[in-house]
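Residue-level listing of the chains:
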Amino acid sequence: MIGLISATAAGTVARDRLAAAWPGRTVVYEGPVREAVQRAFAECEQLVCFLATGAVVRLLAPLLSDKSSDPGVVCVDEAGRHAVALLGGHGGGANALAGAVGDVLGAAPVVTTATDAAGVPGLDMLGLPVEGDVAGVSRAMLDGARVELRADAVWPLPPLPPNVSPGADGSAVLHVGDRIIELEAQAAVLRPASLAVGVGASKGAPVGEVVGLIQDTLREAGLSPLSIAELVTVDAKADEPGIVAAAAQLGVPLRTYAAGELARIEVPNPSGAPLAAVGTPSVAEAAALAAGGELLVPKRKSSGLEGRAAMATCAVVRRSPRGRLAVVGLGPGARDLLTPRAREELRRASVLVGLDQYVDQIRDLLRPGTTILESGLGAEEARARTAVAEARKGHAVALIGSGDAGVYAMASPALAEAGADIDVVGVPGVTAALAAAAILGAPLGHDHVSISLSDLHTPWEVIERRVRAAAEADIIVTFYNPRSRGRDWQLPKALSILSEHREPATPVGVVRNASRPDESSRVTSLAGLDPVTVDMMTVVTVGNTATREIAGRMVTPRGYRWQSATTAPAREGAE
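Every value quoted in this text rests on a predicted model; they were computed, and no experiment measured them. (Residues numbered from 1 in each chain as written. Predicted model: local features only at pLDDT ≥ 70, side-chain atom pairs only at ≥ 80, totals over all residues. Heavy atoms only, no water.)

## Here's the deal with the pairing of strand 10 (residues 172-176)
When you tally the buried positions in strand 10, you get 5 out of 5 residues, the bulk of the element. Because side chains alternate across strand 10, one face comprises the buried residues Ala172, Leu174 and Val176, and the other comprises Val173 and His175, equally buried. (Buried < 20%, exposed > 50% of the residue type's maximum accessible area, 1.4 Å probe, protein only. Helix = DSSP H or I, 4+ residues; strand = E, 2+ residues; numbered from the N terminus.)

Dropping the structure here:
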């Protein structure tokens, strides 16, 4: 929860705006400011104080304990111009909170954390547990000193600065792996979630016995418990208190498998006891192998407590890294139409793949050290193959496209190449049709369809059937790729098909370079549109029989019951 504290009328106005924007996420603390800050500090994960930073520093000073447990604190000035990440930039999330507050209030986020200011990902912000001399390695990264990267495999990490590389032979070392190692000064280790621990337990097995067995097993195998991805067991043990509590104590999820599924897995140490109890000759080993990976530690039994028989078993597998492919829609071109999620994915990716002109749009948003693989027009399938290949190497990859990557863009060829061996994330974007519609008014208020008139990949016969079907069904049509130098007859043909079912006065919207600096738009009619004025940078939207031009805007009603299509003029307010 986020605590909100203000002291002045202006601060209260801004405070209430934030509370309204984030319902259920915030608590407003009233009363004397000192008492309000004290209560919020004790009760909330984060604070936003609409107070001077000096005053907040004095109020917080006696409350501070440890950066790993103190809440993140953001200060907003009286005029609402700045949102200052004052305390807990990384651990408390104040840096991200300052940006979020700025988005709501129009304030500029002020972040002084060195790694954030330099665009370098903090080691504690990579989404992995980290141990060792985090400050020393981070300082070396920031100073541009050589930092040797020692990784047991390629993991889908955000981009690291160019001075961090294998064989760098520097004084600082960054390890990535699940092995327990002796760390010297200026050495840190990131712990990827590479281990799955299969667990079996008798009814009533104590949580201490289960956790102790897991910890002892990992320690003797030289493996870090921070790399546990999950505990796995049989469905019959899904509610076993000792196993459930063990997962909670270790801070990992618990996943279960059906006994029949586990019974089909060959294991080195089957047993009749679990077969009789839960229907499979193996729980720990079979569940671990079902989770996928190499069996590092076969079944081990707990030592038992107070001379009684062991009540728990475990086995450990190591998973190979899974690369990550994010297919990112950049929107129609305007920076403010690039979604926050797309920005996050661009900064998370260590490898970026895209058309050169799209890369240029967002190059400044990439972190230092990002590998950029760009190519020119006409290489869509090659870019898709490249992106998938890089993800299969274990990298975090972003494949970019304009608009929404799933609409006439890169998602289809990429997912046709991608298999189940990589993780795929889709990031939606504002399409050209939607950007154009917002400029025109509300032309897509009822059923609508987008049709590309390019016959480079689709036979014209197929395109024509689709246009005719839309015309007969009275569906609003947005034409992508309407006309180029080498394709100048398709748009007139499509318009003539629509004219068979719609009046000559039917409104038509034409938008070129939607949301870009040289944007242009106009509303004309089906009879009045000159195809020569249209090119590949243009989106053409043809209304249906209910669409009207009202005050120069193109409007399609949401329904037909309240509007008479036979009496309403087709171009209200037109010439």
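## Thoughts on the sheet that holds strand 20 (residues 396-401)
As summarised here, the arrangement of the 5 strands in space is 19-18-20-17-21, forming an open sheet in which the pairing is parallel. Edge positions in the sheet fall to strand 19 (371-375) and strand 21 (423-427), since each of these pairs with one other strand and no more. Each adjacent strand pair in this sheet contributes to an overall mean axis angle of 15°, direction not counted. Here strand 17 (residues 324-329) pairs with strand 21 via 5 bridges, running parallel. Within strand 21, the position partnered with Ala326 by the bridge is Val425. (Pairing = 2+ DSSP bridges. Axes fitted to C-alpha atoms, helices over the stretch in contact; angles between N-to-C directions.)

## Some details on the sheet that holds strand 2 (residues 26-28)
Within the open sheet, the 6 strands sit side by side as 2-1-3-4-5-6. Their pairing is mixed. With partners counted over all chains shown, the strands left at the sheet margins are strand 2 and strand 6 (108-110), one partner each. Pairwise comparison of adjacent strand axes, ignoring direction, gives a mean angle of 25° for this sheet. Across 5 bridges, the pairing between strand 1 (residues 2-6) and strand 3 (residues 46-50) is parallel.

## What about the packing of helix 1 (residues 9-21) against helix 4 (residues 94-105)?
Look at helix 1 against helix 4: their axes get within 10 Å of each other, and the N-to-C directions meet at 100°. Compared by their axis directions, helix 1 and helix 4 come out roughly perpendicular. Contact residues: helix 1 offers Ala14, Arg17, Leu18 and Ala21, while helix 4 offers Val101, Val104 and Leu105. Classifying every residue of the contact of helix 1 with helix 4 gives 6 nonpolar, no polar and 1 charged. (Parallel < 35°, antiparallel > 145°, perpendicular 65-115°, else oblique. Contact = heavy atoms within 4.5 Å. Nonpolar A, V, L, I, M, F, W, Y, C, P; charged D, E, K, R; others polar.)

## A short note on the packing of helix 7 (residues 207-220) against helix 8 (residues 241-250)
Where helix 7 meets helix 8, the axes come as close as 8 Å, and the angle between the chain directions of the two elements is 55°. With respect to helix 8, the axis of helix 7 lies oblique. Crossing angle aside, the handedness with which helix 7 passes helix 8 is right-handed. Across from Val207, Val210, Val211, Ile214 and Gln215 in helix 7, the residues of helix 8 making contact are Gly242, Ala245, Ala246, Gln249 and Leu250. (Left-handed = near helix turned anticlockwise from the far one by under 90°.)

## Details of the nonpolar core
Looking at soluble globular proteins, one finds that nonpolar side chains tend to be buried together. In this structure, Val197, Ile214 and Leu231 are the most contacted members of the largest nonpolar core, which totals 22 residues. The set of elements that each furnish at least two residues to this core consists of strand 12 (195-201), helix 7, strand 13 (228-234), helix 8 and strand 16 (312-318). It is helix 7 that contributes the most residues to this core, 5 residues altogether. (Core = buried A, V, L, I, M, F, W, Y, C linked by side-chain atoms within 4.5 Å.)

## Details of the confidence of the model for the protein chain
For the protein chain, per-residue confidence averages 90 on the pLDDT scale, and 95% of positions sit at 70 or higher. Looking at the elements of the protein chain, mean pLDDT is at its lowest for helix 5 (residues 114-117), recorded as 62, and at its highest for strand 17, recorded as 97. For the stretch residues 565-575, pLDDT sits under 50, and the model shows 17 contacts to residues farther than four places along the chain or on other chains. (pLDDT = per-residue confidence, 0-100.)

## Structural notes on helix 8
If you check which residues of helix 8 are buried, you get Gly242, Ile243, Ala246 and Ala247. Buried positions in helix 8, seen along its axis, are confined to an arc of 135° and lie on one side of it. Projecting away from the buried face of helix 8 at angles above 90 degrees are the exposed residues Pro241, Ala248 and Gln249. Packing partners of the buried residues in helix 8 comprise strand 12, helix 7, strand 13 and strand 14 (254-257). Backbone geometry just downstream of helix 8 places Gly251 in the positive-phi region, at approximately 75°. (Arc of directions from axis to C-beta.)

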